[in-house]
Amino acid sequence: MVESQEQGPYYQLNDTKNPDLLRERQSATFDVEELTQFVFGGPNSYFNVNRRRQLTRLAYAHPVHDTHLPIEYLDADDYYSVLIRKSFIAIKEAERYGITDRKLLGWFVSVFTNGRFMFGLHTSMFLHTLETMASDEQQEKFLPLARSFQIIGTYAQTELGHGSNLQRLETEAVFDINTDTFVLNTPTITATKFWPGALGRSTNYVLLMAQLFTPDRNHPAGLQMFFVQIRDLNTHEPLPGVELGEISTRFGHEVGDNGYLRLHNVRIPRNHMLMKLAYVDEQGTFHRLGDPRLLYGTMLATRVNLCAYFSILLARAITIAMRYSAVRRQGQNPNGKETLILDYPLQQEKLVPCIATNYAFFYAFIKLENLRREILDSDTILFELLPELHAVSSGLKAYMSSIGERFSQTCRVACGGHGYLVASGIKGLNNQLDAGCTYEGDNSVLYQQTARYLLKVMQQLDEISEMETESSIKFLYSTTTPPATIINLDDYCRLFECRSQMLLKSMSNRLSESEASTYNKFSKNSIELVHISKAFIETVVLRAFYDGVRKASEHKSFGPVFEQLFHVFAIHTLRNSATDFIRLKLLTADQIYQLETFNLPDMYARLRPNLISLVDAFDFHDNELNSCLGRYDGQVYEALMERARLNPTNRHKVHPVWKSIKQETKSKL
Amino acid sequence: MAEHCHTKPHYQINDTKNIHLLTERQSATFDVEELTQFMFSGSENPFDINTRRKLIRLAIAHPIHSTHLPFEYLTADEHYSICIRKSLLAIQEANRLNITNQKHRAWFFDIFANYYFAFYIHTSMCLYALENIASEEQKQKFLPLAQSFHIIATYAQTELGHGTDIRRLETEAVFDRTTDSFIINTPKLTSTKFWPGSLGRTVNHVLLMAQLYTPDRDHPCGLQMFLVQIRDFKTHEPLLGVEVGEISTRFAHILGDNGYLRLNNVRIPRTQMLMRLAQVDEQGNFHRGGDARLLYGTMVHERIRLINSFLVALTQAITIAIRYSAIRFQGQNPNGNETKILDYPLQQEKLIPCLSTTYAFLITFIKLDTYFNQLKMNEKNYLEQLPELHALSAGFKGYASSVTERLAQICRISCGGHGFLVASGLVGIRNAVDGGCSAEGDNVVLLQQTARYLLKVMQQVEENKTKNIGSSVAYLQMPLWSSTTCMNLNDYCRLFESRSQLLIKEIYTKMLESSSSSSPYDIFINNSIQLVQIAKAHMETSFIRAFYEQVGKAPQHSTIALALEQLFYVFTIHTLCNQSTDFIRLKLLSANQIYELETHVLPDMYARLRPNLVALVDAFDLHDFELNSCLGRYDGEVYEALMERARLNPSNRHRVHPVWLSVKQGTLSKL
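Values in this document were obtained by computation on a predicted structure and should not be read as measured data.

K.L.:
Looking at this structure, I do not really get the interface of chain A and chain B. What am I missing?
P.N.:
Where interface size is quoted, it is often the accessible area lost as the parts come together. Tallying the contact residues gives 122 residues for chain A and 124 residues for chain B. Between the two partners, chain A and chain B, sit 13 salt bridges. Across the pair Glu405(B) and Arg406(A) runs a salt bridge, and its minimum N-O distance is 2.8 Å. Taken together, the links from chain A to chain B amount to 62 residue pairs in polar contact (both at pLDDT 80 or more). The residue inventory of the side of chain A that touches chain B, partitioned by class, reads 44 nonpolar, 42 polar and 36 charged.

K.L.:
What is the right way to read the UniProt feature "domain: Acyl-CoA oxidase C-alpha1" (unreviewed entry) in chain B from this model?
P.N.:
Look at the UniProt record and you will see "domain: Acyl-CoA oxidase C-alpha1" (unreviewed entry) annotated at residues 296-455 of chain B. Regarding residues 296-455 of chain B, the helix share stands at 78% and the strand share at 4%, and the terminal C-alpha atoms are separated by 20 Å.

K.L.:
Teacher, can you tell me more about the domain arrangement of chain A here?
P.N.:
Residues and elements named next belong to chain A. With domains assigned, chain A is organised as domain 1 (31-117), domain 2 (127-290) and domain 3 (295-637). Relative to domain 3, the C-alpha centre of domain 1 lies at a distance of 27 Å. Contacts between the two partners involve 17 residues from domain 1, matched on the other side by 28 residues from domain 3. A per-residue breakdown of the area domain 1 buries against domain 3 is headed by Leu35, Phe38 and Tyr46, which together make up 31% of the total. There are 2 salt bridges connecting domain 1 and domain 3. Residues Arg52 and Glu624 are paired through a salt bridge, measuring 3.1 Å at the closest nitrogen-oxygen approach. The interface formed by domain 1 and domain 3 holds 7 residue pairs in polar contact (both at pLDDT 80 or more) in total. Where the side of domain 1 that touches domain 3 is concerned, the elements lending two or more residues are α2 (32-40) and α3 (49-60).

K.L.:
Explain the sheet that holds strand β7 (residues 242-246) of chain A to me, please; I cannot follow it from the model alone.
P.N.:
Strand pairing within a sheet occurs via backbone hydrogen bonds; the two strands may be parallel or antiparallel. Residues and elements named next belong to chain A. Taken in spatial order, the 3 strands of this open sheet run β4-β8-β7, and their pairing is antiparallel. Lying at the two open borders of the sheet, with one neighbouring strand each, are β4 (193-194) and β7. Relative to strand β8 (residues 259-263), β7 is paired through 5 bridges, and the arrangement is antiparallel. Within the sheet, the bridge partner assigned to Glu246 lies in β8 and is Gly259.

K.L.:
Where do I start with the pairing of strand β12 (residues 329-332) of chain A in this structure?
P.N.:
Each regular strand displays side chains that alternate between the two surfaces of the sheet. Residues and elements named next belong to chain A. The pairing of β12 with strand β13 (residues 338-340) spans 3 bridges and is classified as antiparallel. The residue bridging Arg329 from the neighbouring strand is Leu340, located in β13. In this antiparallel pair of consecutive strands, β12 and β13, the connection spans 5 residues, and Gly336 shows a positive phi of 80 degrees.

K.L.:
Can you walk me through the sheet that holds strand β7 (residues 242-246) of chain B in this structure?
P.N.:
Across the sheet, which stays open at both edges, the 3 strands sit in the order β4-β8-β7 (chain B) with antiparallel pairing between neighbours. Only two strands of the sheet have a single neighbouring strand rather than two, namely β4 (193-194) and β7 of chain B. Direction of pairing for β4(B) relative to strand β8 (residues 259-263) of chain B: antiparallel, over a ladder of 2 bridges. Bridge pairing in β8(B) links Lys193(B) to Leu261(B). Here helix α21 (residues 636-646) of chain A sits on the sheet and contacts β4, β7 and β8 of chain B; the angle it forms with β8(B), its principal contact strand, is near 105 degrees.

Definitions and limits used
- Residues numbered from 1 in each chain as written.
- Chains lettered and ligands numbered in written order.
- Predicted model: local features only at pLDDT ≥ 70, side-chain atom pairs only at ≥ 80, totals over all residues.
- Heavy atoms only, no water.
- Contact = heavy atoms within 4.5 Å.
- Salt bridge = Lys/Arg side-chain N within 4 Å of Asp/Glu carboxyl O.
- Polar contact = N/O pair within 3.5 Å; in protein donor to acceptor, adjacent residues only side chain to side chain.
- Nonpolar A, V, L, I, M, F, W, Y, C, P; charged D, E, K, R; others polar.
- UniProt positions renumbered as here; feature names shortened; annotations may be inferred.
- Helix = DSSP H or I, 4+ residues; strand = E, 2+ residues; numbered from the N terminus.
- Domains from an automatic or database assignment.
- Buried area = accessible area lost by both parts, 1.4 Å probe.
- Pairing = 2+ DSSP bridges.
- Axes fitted to C-alpha atoms, helices over the stretch in contact; angles between N-to-C directions.

The structure is reproduced here in C-alpha cells:
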C-alpha cells in the first residue's frame, strides 16, 4: 500500500500561481528534483525522500484532517482532544498500511498529527529504554503491552528544582524488605516531577528516575529507573497516592501535555525497577551488572536525531521566508516600479547566510549520523568511539539549536508583520528551536562537555598514532599550516582548523600551568571553553559541508551553486568570530573586511537566481509548512485573508462583551 | 485622591522570603532606593517613579483583578471580554480618582488593564493626530467626543499588501461634488486594511489613510487622513459597506484585537478629511496649508512611546532572570554543595551585559525624552530640530528593538525550561518586543533613514556648513581620538565617536566617488548593508555618551557612581567586542587589546558587580503585579508559585480528560 504511492515531488512548476514566484522558479540553473535526490534521496539516506513522500501522501489523504479548524483557533481542551484522536487514528492507520519499520512509523505518525504525535515519547524513549534497560524477563512481560499501546508511558526525570544535574534529583524509592516492594515519594515541593511530555493527561505509566535506598533508608544506591503505573488502565483515573496534572501554559500550543507528578507512598513490586544494568535482590542487596555506558546509547541517539530535527525546522523557516520574499514587494525604484523584497541586499544579507547555513547543517548531520551508525548499529557497540560521538553530538545539538533559533528569528523579521501571525508558521518554528536550546541539556552545559573531551584529546595527542580518516578530531593530530591566501575551499577548512587548534593548544597549556583545582580551572575558564567548543564545532560543520560540496562537484548544474553556498557559510561564520582570526594572525582585519563587503555580496548576487529553487529542493508539503506565507503556489494574500475570515471570533457581528456593554448603557439611561 | 497614596518603594528587604535572595540583597553596597531616585525621579523624568508608585497602588487595589484566572488560562473570547471590561473600568476609575495628566492617565490605564488597555491607540495616536492634524473647527466637533470615548478610534494605515512604504497604499477616497462627500473603497484584496490594533471588534471609527482623488478620479492628490465611522454608536454593528473582523491569531494574546477592514463605497462628508495641513473645498479644489513637518512630529511621538515600551519590557526581563538566577541552584562544587546559577561565569556572561544594556538604553531614553519635551515648548526650534530627532528616534527604535529582542531571548534561555512557561513572564515579553521589530517601521528601514541623515550631516561637515549641527552629531567635526589606550570613561566615548566618524566618512567618500557612474538610488541600495552599519555605530556613540554623562551626575566616589561606572565598562566593552573588526581595521585598537578587554577586564567587572546584581534590578522597582512572573517575584518563592500556577490550570479540573472517556468507551473513532 505504501509502495504503490507516488514517489515524485509534491509540486510541479505549473502549480505556481503567483507570476513573480514562477519567474523565480524559471530562472533556476539546475533541476530541483535532481538536487533533492542528491541531498535527501536513496533508500540508505536518513531522509529517504521518496519513501517519505509516499508516507506523507498517505497520511494527508485521511479525511480526519478536514474535520477541524486551524489549530490556532481551537481552545486548549479542543486542541488536546484533536491531538489524542489523531494520534490514535495514526497508529491504527499505520497498522492498516503495514508500516512497521520504526523510523518510517515515526515519520508517518508525526506527519499525520502535524508534528504533534502525543505518544512520541512513548514510541521513542519509553520503548527504547525498556528494550535496553529492562531485564529479559521484564521485557517479556512489559514490552507487548507497551507496543500495543495498552501501556502508554513517558520518561519522568526532570523535577521542579532540578534539571541538568541528575545527581541532585530528590524523588526516592526506598526498599521495603517485608513486602518486597519499593515505596516511592516526592518528599519536597522541588522533588515534584515537572515538565515530562504527555504526563499531564495522557500516560498511564512512567519510567521514573529516582534515588534508590536499599536495603534501607540509610543506604543510598544512586539513581535508578522504575516502571510505575500512575493511572488505572480501565478508567484512566489517577491511582491512589498519585497527584498529577498539566503544568501551566507553555509558549503557544507547541509542546504536548507537559505534566507534573507527585507521589505519596506509592508502592511498586521489586521487579518494577529496570534490572538489566543493576538489580536489587529479595534481601535488598544492590548489585551492578552490565556496562552503564549502554545508557549513553539512548541519549546519544536522541541527540543525533535532534540535529536532524533542528535542521528540518530551520529549513521550513527559510522556505517560508524565501518564498514570501519572492512574492512581497516594497519600496519604489526610480522607474516607479515596486521592488521585490528579495532583491534588496539587506534582505539577502538576512536570508542567504541562513540558507547556506541550513545546507551546512544537513551535511553536518549526515556526517554525524554516519558516525552514530558506525558506533551504535554495529553488533558490539564501539565503546572507544563513544566519547567522540558524545562530544560532537552535544556540541552540534547546542550549535544547531542556538544558531537555528537566531536564524528562524531573522526569518520572522524578514517577513515583517505577517511573519508574526501564527498562520505564517514561522513563529512556531522559532519557538520549537528556542525550546531546543534548553531540553536534552542546556546548550552552555553541552558545550562544556565538548570542551572537556577536546582538552582530554589535547593531553593525549602523543599517545595515539593511528587515526580514523573520517574522525572529526583528526586535524588536531597534524600540524596544520595556515593558508597564506584563501583561494580554494579547502583553505577555509584549514583556516578554521588552525584557529581551533591554536585556541585549544593555548587553553590546554593554560590549564596545565594553573595550580588551581580542576573544578576551579574549568569554572574560571568556562566562558572561553564554550567559545573553544563552538570554534571546534565550526570546523566539523565546515569540513562536512566541504565533503558535500566535493561530491556535488560531479554535478555540473548545481556543483557551482554548492560552492557559492559554501563561501557564504564560511565567510559569514568567519566574520562572526573575526577577532580570533585576526588575533591569531590567520587573517588581517582588511582581509576580513574585503571578504565581508565584497566577496559576500558578490556571492549573494550569484546565488540570486537559485534562491527559490534551493528552498524548493527541501520539498516540503504545504501541510507540513502550514503557512500562509510559504505555500508553494504563492497565493499569499488570498490565504491570509481566508485565514482571517475563519477566525471564530468573527462569527459574531458584535462581540458578546459589547452587546452586554451596550445593554448596560441602555438600562442606565 | 492620588495624593493620599504614599510614594515609598513597593517592597522592603524583609519582604524577601527566599534566604538566598535575602543574602543577595544584604550584600548590596548601595541603597537601592537612592539609586531608584537618582535614575527615575522627577516630574520631567519619563518614569517619574514617585507618581508612578502612587498610580500603581491605586490601580491594583481594585477588586476586579481577583475575579479572573491568569490570562494564559482564558480562551481568546474570555480574554478579550475581560480586557474590554477592565479598559472601560480603568477610564471610569481614572475619572473618579481625578487623574487628569495625560501621561499619568496612560500609565494608570496600562497597569489597570494588565498592559492590555484596549483603547491605547485611541488615547495615544488618535487623540494626538486629531489635536495636530485636524482643523480648529474639526477639533471642536470631534475632540470632545473622542476624549469622552464616545468615539473610539484606531489608526488604519497598514494594508495587506503594503506596510512600510506608505506611498503605495491602495485605499482610495474619491471626491463627489454632487453630494459633497468622499467615496471610500478598498478596491483590491491587497488594499484591505490589515493589522491595525483594536480594529477587529473594538473601535467605532478609524483614522483612515487613503489616496485622495479630487476634483475627480483623474486627479490623484496623494495620501490624506480621513475620519471614518465603521460601527453604529448604539448597536456597535458594522455600518453598511463595511466588512470588519479580527485577523488570524498572533503570537499569544499579546497584541490586542488586530483587525482587517474592507470598505465598499462608504461615503463620508467632505469635512471628515483632516484639514489642518491640506484642504479640499466645495468645488473639490485641493490646497496645501500648514507645515507638513508636523506629521513627522506624530511619528516621532509614537516612536518614543514605542521605545519606552521596549525598555519597560527589558527591565522586566532582566529583573526576572537575575532574581531567578539567585534562587536556582544547579551542579555541584567540590564541597558537595550546589552552586547558585548566578555564580557561574557563563550565567554572568549572559545576564550582566544584558543588565548594563538596560541601563544604557534607559539613560539614553530619559535624555531623549526630556529633550523632546523641552523642544515641544517652542515650535520654531522644534521644527528645526525635527530631522535630528527623527534620525535619533528612528535609529534608537531600530537598534534597541532588535537588541532587546535578543536580550529577552537570552533571559529566557538563562532561566532554562521554566523560562519557557508563559507564567515566567519572559515569553510574553519576548513576543512583545519581537513584534516591536516590525511595528512602526521595519528596523532596517529605520536605520537607513538614520544613515541618510548622517550622510547629510557629513556633507555639511565636508562643505564647512555646520552652523546648526545637532548635538548628537557634533562629534563628526571633532578631531579623531588619538590615544592608544583607553584610560578613562571619556576615552571610550571618543573611541566610539572616532570609529563612527571614520565609518561615516569612508562610506560618504565611497558613495561620492561612484556618483558619476550610478544613480543615487542605485548607490544607496548597493551600499545599504554598510549604511545600516554606520547607523548602528552612530547609535552606539549616543548610548555611550549618555551613559557617560549619567555616571558624571552621580555623587562622586559614591557607591552608586562606582556601580554605574562598572556597568558602563561592561556595556562599552561588550558592544566593542561585537564590532571588533571595525576597531581593528580602523587602527583604533589592536586585536590583542580587544582580547585583553574581553578576557580580563570584562570578567573582572562581572566579579565587581556580582554583589550588586540583585540590587541593580531591584532599583527598577517593578511591582509583582507588573512583572506577573512566577520566577521574578520579589519574595523569591518561585517553586511555590510555579506549583500553584500549574494546579490552577483549568485542564486539571478533570480527573480524566473528556477525550479519554471516549477513548475508554471506544467511541473515539466515531468522533
